[in-house]
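Notes for the structure review
Here is what each chain is made of, one letter per residue.
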There are 4 protein chains.
Amino acid sequence: MKAVRVHEYGKPPSIDDVPEPTISGPLDIIVKIDAAGLCRTDLHIIDGQWASRSGVTLPYILGHENAGTVVEVGSAVTTLEPGDAVILHPNITCGLCPACRRGDDVHCENKSFPGLDRDGGMAEYLLTSARSAVTLGEGVLPMHVAALADAGLTAHHAVRKAVPLLPATARAVIIGLGGLGHIGLQCALALTGAEVIALDRNEEVLHKAEVLGAHRRIRYDDNAVAAVLDATDGKGAEVVFDFVGEYGTEAAGIAMTRDGGFYFVIGYGGKVEAETHEMISREISMVGNLVGSYTDLLELMALTERGQVTLSTKTYPLTRALDAISDLEAGRLPGTRAILLPAA
Amino acid sequence: MKAVRVHEYGKPPSIDDVPEPTISGPLDIIVKIDAAGLCRTDLHIIDGQWASRSGVTLPYILGHENAGTVVEVGSAVTTLEPGDAVILHPNITCGLCPACRRGDDVHCENKSFPGLDRDGGMAEYLLTSARSAVTLGEGVLPMHVAALADAGLTAHHAVRKAVPLLPATARAVIIGLGGLGHIGLQCALALTGAEVIALDRNEEVLHKAEVLGAHRRIRYDDNAVAAVLDATDGKGAEVVFDFVGEYGTEAAGIAMTRDGGFYFVIGYGGKVEAETHEMISREISMVGNLVGSYTDLLELMALTERGQVTLSTKTYPLTRALDAISDLEAGRLPGTRAILLPAA
Amino acid sequence: MKAVRVHEYGKPPSIDDVPEPTISGPLDIIVKIDAAGLCRTDLHIIDGQWASRSGVTLPYILGHENAGTVVEVGSAVTTLEPGDAVILHPNITCGLCPACRRGDDVHCENKSFPGLDRDGGMAEYLLTSARSAVTLGEGVLPMHVAALADAGLTAHHAVRKAVPLLPATARAVIIGLGGLGHIGLQCALALTGAEVIALDRNEEVLHKAEVLGAHRRIRYDDNAVAAVLDATDGKGAEVVFDFVGEYGTEAAGIAMTRDGGFYFVIGYGGKVEAETHEMISREISMVGNLVGSYTDLLELMALTERGQVTLSTKTYPLTRALDAISDLEAGRLPGTRAILLPAA
Amino acid sequence: MKAVRVHEYGKPPSIDDVPEPTISGPLDIIVKIDAAGLCRTDLHIIDGQWASRSGVTLPYILGHENAGTVVEVGSAVTTLEPGDAVILHPNITCGLCPACRRGDDVHCENKSFPGLDRDGGMAEYLLTSARSAVTLGEGVLPMHVAALADAGLTAHHAVRKAVPLLPATARAVIIGLGGLGHIGLQCALALTGAEVIALDRNEEVLHKAEVLGAHRRIRYDDNAVAAVLDATDGKGAEVVFDFVGEYGTEAAGIAMTRDGGFYFVIGYGGKVEAETHEMISREISMVGNLVGSYTDLLELMALTERGQVTLSTKTYPLTRALDAISDLEAGRLPGTRAILLPAA
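A brief structural summary. The residue numbering used here restarts from 1 in each chain and proceeds along that chain's sequence as written. Ligands are numbered from 1 and chains lettered from A, in the order in which they are written. A pLDDT threshold of at least 70 governs which residues receive local features in this predicted model, and a stricter bar of 80 or more applies before side-chain atom pairs are shown or counted, although totals over entire chains, interfaces and linings include all residues. For the side-chain quantities, the full set of heavy atoms in the structure was used; hydrogens and water were omitted.

Some thoughts on the overall build of chain A
The condition is simple: Secondary structure elements are defined from DSSP: runs of H or I of at least 4 residues count as helices, runs of E of at least 2 residues count as strands, and each element is numbered from the N terminus. Radius of gyration here is computed from C-alpha atoms only, and the compact-globule reference equals 2.2 Å multiplied by the residue count raised to the power 0.38. Each residue is placed in one exposure class: buried if its accessible area under a 1.4 Å probe, protein chains only, is under 20% of its type's maximum, exposed if it is over 50%, and partly exposed if it falls in between. Contacts are assigned to residue pairs with any non-hydrogen atoms lying within 4.5 Å of each other.
Secondary structure assignment for chain A yields 12 helices and 17 strands. Taken against the 2.2 N^0.38 rule, which gives 20 Å for 344 residues, the C-alpha radius of gyration of chain A at 20 Å falls within 12% of a compact globule. Seen through its principal axes, chain A has C-alpha atoms that stretch 60 × 40 × 40 Å. With 344 residues in all, chain A has 62% of them scored as buried. Nonlocal contacts in chain A, meaning residues at least 24 apart in sequence, comprise 69% of its contacts between residues at least 6 apart.

Here you go:
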């Protein structure tokens, strides 16, 4: 089959012919990939930024945002059968460790991550686990949801954690309305009654946020903290979701957080710094957020089926993966996710 | 001033000329009533059903759903001044008992209830407490919100309690889409991502529910339990909100509740019965719901300001209160609240 | 192997020689039973009360409170190996349905229950799932914990659910300090700061409760409601745990519940009845409780390892199971659990 | 009356004769101070570290940990009468702002803080609010609890927030078992089932922690992170309570925190720093903690009445306040709180 593989860090991946994967374990499944999202993390992987952490042996197949059709299932799989359209949670989890048993499978002690530390889904077929598959509702196409598998799920998870903090009297600030942020916005509108304030450097992106339902838009610039305080009676927001996490949004995000409030960091690259005296006297918290659980993915798919979350995408045949990569690198996909279609 | 007073249980109230109330305590306020909601509970009060529970001395003024304009404030009032437009929480609470201190003021140990156990707001002026007043946002008129003070707040409170039980994968059934139920519907849509299923005997009311955003509508009849099970993969709903609470909805509501789920009772008149064996083997709970807290009223007003909750009303001059009462008794106000206007 | 089997409802079980079970599925395990608890539910099974609900084919082996030593594991088992001492959760769950995925495995859509709807553990060996086994800590013996697998886990689960309702300012009433209740008492003392009030008909049992740490003891008789109100400033308890659930404790328990409080029903046989008007005006809830989840069992074992939960037991060789059954039937085991030892 | 007043920052306070305070507002109360705790924050106030933040006009009276006997109450006070023994919450709050109304009075928009921004309790009498007073249970003496009013309440509050994170399977690390930490330890043991690991530089303090019930003790030194990881299967603790918050405990505390876990900062002086990448990939949170609410103080008093929290104290006559201050400065009060007695 065709597959997009990294051979050497720092060099572009290539489209290779490789053997199709085969089932070995009882919960294994083989999925024909109908759509695979391209993510900024893929660029970091190609650059080698994840090399030491993942420990993966080259060459291997990229792709951690996958959706497709089940073609074969292992002996113990009872929930799926060939022909089922599915979206795939990015983690393969054990189901037996304490974290899995309490539903917190993202902290599985034995997880692996196709496309990061083993062969991923930028290929015609993917070997994964029945535990990773969510069956798609009627009318939901793999190409419409693939990028929700990781990017969307991360945004959803942060919002889900914040739901108890966001009654309708509260304000949620969202910094960065790009690929993740615009999903976060839609989840915040769907799952909470809070007033949502969208911040971005890009006016066009802000306009899209407003169309999606953001209650206020504020241009992110040197005056952004003052503008948020001004919009919140001088007090700041109960929750600030930072989908950037670098270039100074860390300090700005904390400064926009109300006393007693929470700064949620989802984007990364920068550093959070705070005097313990400020954390205490203002009683503020800084909350890290990983990708969502399988249960979170079920919720995100329910929202998608009801049309409460939609994704802006541009499709490419799998064989044109390198074009998609250079479009992403060159900033030619603002607020849009590139989706690779192996069958195109 | 003019006031609607009960003189004898079982007889219609009369419109009397009575002295205006005066301030005595430091947190007292006098509110010029701009709008007073008429509620089915008022009919029960007139009938005498609340006589022994309230212990009130006749004659007294009806009216527990009040909104208006502050005209005078006590010596310790720091949050209001004459001219402020306000909606009034139906309880006057002490602010000092343990329940008040934890924000659970509905269970105040020293509360009173204007219109039930002391003079209410179907009058030109009402004496209440600064602790009961929520200032209205710009553009929100007392006549648009008065009926949210009790009926709406009760519906909101039940939904607010259920938020942690209602992710987007869950189903909420609402039985009875009348005065309270249609507010509950709007709150469920605003505060949760759950699929909402509306049940009512009346097709026109169901149609309105659909317009307000209900995801499904089911006619409430002898087949309703089967229809709900059919709409929920045979499992029932995670939460059933029963805004009727009599005529058999109690048993039907429990039968529509999923294993592990919650039956919320808001309407009253009937009786809940369940074998302990069923409660345990299905792990179901039955949850009673009173009116909301002051904090709940803040949230409901935030939703109202943003247009996420609206109320269908018909207005009457205060002097035509008896017409409003007979319209309500005769069923001529389906899904609509009667609002008395002292200044009209 | 030897096994205690029911051949005909209404007749005593017999000790039979049956083939040892064998592994078929990838997560199957075979456990040599070191200790099997005898439970009142076993008496109900023998009587035939569960016949229609379980649908089991006779003859079959009793026993749903099991602990022992792993002797063989299926091909996909990674968490256990032969020689491990384990306690066995009473459910065999699928691990793949939405309930399992969120950690709520007690509501697994595909669960089975050894000793109820398939062969149980009153035998030398039991076939179950790796998903059901919790490895015992050092120094914890199967015979000390077997009866925690179901009875103890049910009591723990109810208390765990009530933790958010029980700050140190609250009162928890426990009705019935027998096999389940005395575990519930220990869990309430370990997991909450609440004042715990123990109620039982039996003075000796009350004395034991006091030794275990109950803050107050009240004799359960016709005066019990008044006595609880007297001990709680006339207000009742925030949470009432009813481990009896019949003979009138249902109504008494609700009457002991404070306004805004919760009546937890764990014991069964009777019926809960409440006017919707009372439920609403007092804002009380009635909460059903099933056995705990796997995660609950992990917590109960942690408490047991630290000596915060202990169980009073009397042991019998498996071959004397009928003696244990008649001791239990005759009331000769007050506050003590009968434990069958296959190796004795 | 005698009072300990600051006249100039950087110089010792003096014992002055000043007029007794008088009541002006309806919720005012005058309390005869029976015991006033001396706190490290008092040293910082004397040094001038709080000068700009508090904006107080010198001279003024120190003392924010106060307990005593009510001698006079304002016109609207219904919950107290002269002769009542009380402990005083350190904040005077308005009771009317949204934060007060939801029970979160520590974030009152109009709060003041006797002993910090107005006259405090190191005097014979204190003017405060009825909203700040908690009546002491029988047998609880002001001198035994005064230091719980601020130091103890801060420790309690952090633990109370962490209760949902600390089932019996979890580990809580406490860094620093001094004045606050040893109360935090007792609260963690009373309110959660978690395993508690005590860390301190001082072996004697660690020994006391063990006597109070800590499950493990680890000497806090350069090897402390490794030792905690070793004690937690290499994973760290679900919650780390840092009662030091400077000298490197910030980084060490974060390193001891398990993936998915929470670092609670209570002590202050240092700085929290974390790469956003680490916060996200480990999904860790850093939580600031202020003093507890009035409701928290009710809970702390309930624990104290039942003997679950006790405090080590050394008493001084108020007139020897300067001796107490120099003992505290010189480190002659390890793990013990100095209490000033105006009547001695």
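Here we look at the sheet that holds strand 10 (residues 195–200) of chain C
Here is the rule: Paired strands are those between which DSSP finds at least two bridges. Angular values range over 0 to 180 degrees, each being the angle between N-to-C directions of two axes fitted as lines to C-alpha atoms, with helices fitted over their stretch in contact.
Pairing in this open sheet of 12 strands is mixed, and the strands run 11(B)-10(B)-9(B)-12(B)-13(B)-15(B)-15(C)-13(C)-12(C)-9(C)-10(C)-11(C) from one edge to the other. Here the strands that pair on one side only, and so sit at the sheet edges, are strand 11 (216–219) of chain B together with strand 11 (216–219) of chain C. Across this sheet, the average inter-strand angle for adjacent strands is 20°, counted without regard to direction. Where strand 9 (residues 171–175) of chain C lies against strand 12 (residues 237–242) of chain C, 4 bridges are found, and the strand directions are parallel. When the sheet's bridge partners are listed, I175 of chain C is paired in strand 12 of chain C with D242 of chain C. Relative to strand 12 of chain C, helix 5 (residues 151–162) of chain C is tilted by about 165°, and along the sheet it contacts strand 12, strand 13 (257–265) and strand 15 (285–288) of chain C.

With respect to the sheet that holds strand 15 (residues 285–288) of chain A
Where strands meet in a sheet, backbone hydrogen bonds hold them as pairs that are either parallel or antiparallel. Ordered by their spatial adjacency, 12 strands build an open sheet running 11(A)-10(A)-9(A)-12(A)-13(A)-15(A)-15(D)-13(D)-12(D)-9(D)-10(D)-11(D), and the pairing between neighbours is mixed. On the outer flanks of this sheet lie strand 11 (216–219) of chain A together with strand 11 (216–219) of chain D, each paired with one strand and no other. Across the sheet, the mean angle from the axis of one strand to that of its neighbour is 20°, orientation sign disregarded. Packing against the sheet, helix 5 (residues 151–162) of chain A makes contact with strand 12 (237–242), strand 13 (257–265) and strand 15 of chain A, and its axis sits at approximately 165° to strand 12 of chain A.

Some details on the interface of chain A and chain D
The cut-off we apply is this: Once two parts are put together, the accessible area they lose, assessed with a 1.4 Å probe and summed over both, is termed the buried area. By definition, a salt bridge exists where a carboxyl oxygen of Asp or Glu is found within 4 Å of a side-chain nitrogen of Lys or Arg. In protein, a polar contact means a hydrogen-donor-capable atom and an acceptor-capable atom, both N or O and within 3.5 Å, with residues adjacent in sequence counting only if both atoms are side-chain atoms; elsewhere, any N or O pair within 3.5 Å suffices.
Each partner contributes residues to the interface: chain A has 37 residues there, and chain D has 37 residues. Approximately 2,900 Å² of surface area, both sides summed, lies buried where chain A meets chain D, with 53% of it carried by carbon and sulfur atoms. The largest contributions to the chain A side of the interface with chain D come from T276, I280 and E283 of chain A, which together make up 22% of the buried area. Note that E273 of chain A is salt-bridged to K271 of chain D, the shortest N-O span being 3.1 Å. Summed over the shared surface of chain A and chain D, the result is 25 residue pairs in polar contact (both at pLDDT 80 or more). Looking at the side of chain A that touches chain D, the elements with two or more residues in it are helix 5, strand 13, strand 14 (271–275), helix 10 (276–281) and strand 15 of chain A. As judged from the 5 bridges shared by strand 14 of chain A and strand 14 (residues 271–275) of chain D, these two strands associate in the antiparallel manner.

Some points on the packing of helix 6 (residues 181–191) of chain D against helix 11 (residues 294–305) of chain D
Residues and elements named next belong to chain D. In plain terms, the rule: Put simply, angles under 35 degrees are roughly parallel, angles over 145 are roughly antiparallel, angles from 65 to 115 are roughly perpendicular, and the rest are oblique. Note that Gly is not counted as nonpolar here; it falls among the polar residues with everything else outside the nonpolar set of Ala, Val, Leu, Ile, Met, Phe, Trp, Tyr, Cys and Pro and the charged set of Asp, Glu, Lys and Arg.
Relative to each other, helix 6 and helix 11 sit at 85°, their axes nearing to 12 Å. With respect to helix 11, the axis of helix 6 lies roughly perpendicular. Within the contact between the two elements, helix 6 uses C187, A190 and L191 and helix 11 uses E299, L300 and L303. For the contact of helix 6 with helix 11, the per-class residue count stands at 5 nonpolar, no polar and 1 charged.

Describing the relation of the copies chain A and chain D
Put simply, the test is: When the copies are overlaid, the least-squares fit takes in C-alpha atoms only where the residue has pLDDT of at least 70 in both copies.
Turning chain A through 180° and shifting it by 0.0 Å along the axis lays it on chain D, with an RMSD of 0.0 Å. Seen this way, the second copy is the image of the first under a two-fold rotation axis. Identified as the residue of chain A closest to the rotation axis by C-alpha distance is E273 of chain A, at 2.2 Å. Mapped onto chain D, 100% of the interface residues of chain A again fall at the interface, so both copies present the same surface.

Some thoughts on the environment of N66 of chain C
All names here are of chain C. Considering the arrangement of structural elements, one finds N66 in strand 5 (residues 66–73). The sequence separation of N66 and Y316 amounts to 250 residues, and the corresponding C-alpha distance is 14 Å. Among all residues touching N66, those that are not within four sequence positions of it are I33, A35, A36, I87, L88, G121, M122, L126, A146 and A149. Polar contacts involving the side chain of N66 include one to the main-chain carbonyl oxygen of G63, which spans 3.2 Å.

With respect to the interface of chain C and chain D
Between chain C and chain D, the contact holds 18 residues from the first and 18 residues from the second. Of the roughly 1,200 Å² buried at the junction of chain C and chain D (both faces included), carbon and sulfur atoms supply 55%. Per-residue buried area on chain C facing chain D is highest for A168, T169 and R306 of chain C; these three make up 38% of the total on that side. Summed over the shared surface of chain C and chain D, the result is 0 salt bridges. At the boundary of chain C and chain D, one finds 6 residue pairs in polar contact (both at pLDDT 80 or more). Counting only elements with at least two residues in the side of chain C that touches chain D, the list comes to helix 6 (181–191) and helix 11 (294–305) of chain C.

Thoughts on the nonpolar core
This is how the line gets drawn: Remark: nonpolar core denotes a set of buried residues (Ala, Val, Leu, Ile, Met, Phe, Trp, Tyr, Cys) joined through side-chain atoms within 4.5 Å.
Counting 112 residues, the largest nonpolar core has I87 and F241 of chain A together with I87 and F241 of chain B as its most contacted members. If you look at the next biggest cluster of nonpolar residues, it comprises 111 residues, including I183 and V239 of chain C together with A194 and V196 of chain D.

Digging into the pairing of strand 16 (residues 313–317) of chain D
Residue and element names in this part refer to chain D. Just so we agree on the cut-off: We call a crossover right-handed when, viewed with the strands running away from us, the connection from the first strand over the helix to the second turns clockwise.
With 5 bridges connecting them, strand 16 and strand 17 (residues 337–341) associate as parallel partners. Among the inter-strand pairings, P317 is bridged to a residue of strand 17, identified as L341. In this region the chain leaves strand 16, passes through helix 12 (residues 321–329) and returns to the parallel neighbour strand 17; the handedness of that crossover is right-handed.

A closer look at the pattern of salt bridges
Summed over the entire model, instances satisfying the criterion amount to 92 salt bridges over all chains. For D104 of chain B, the salt bridge is made with R102 of chain B, and the minimal N-O distance between the two is 3.2 Å. With its nearest N and O atoms 2.7 Å apart, the salt bridge here joins D34 of chain C to K32 of chain C. Through salt bridges that share partners, R171, D233, E238 and R258 of chain A make up one connected network.

Topic: the side chain of T249 of chain B
Residue and element names in this part refer to chain B. Summarising the element assignment, T249 is placed in helix 9 (residues 249–255). Given a relative accessible area of 3%, T249 falls into the buried group. A distance of 3.1 Å separates the side chain of T249 from the backbone nitrogen of G245, its partner in a polar contact. A polar atom in the side chain of T249 sits 3.1 Å from the backbone oxygen of E246.

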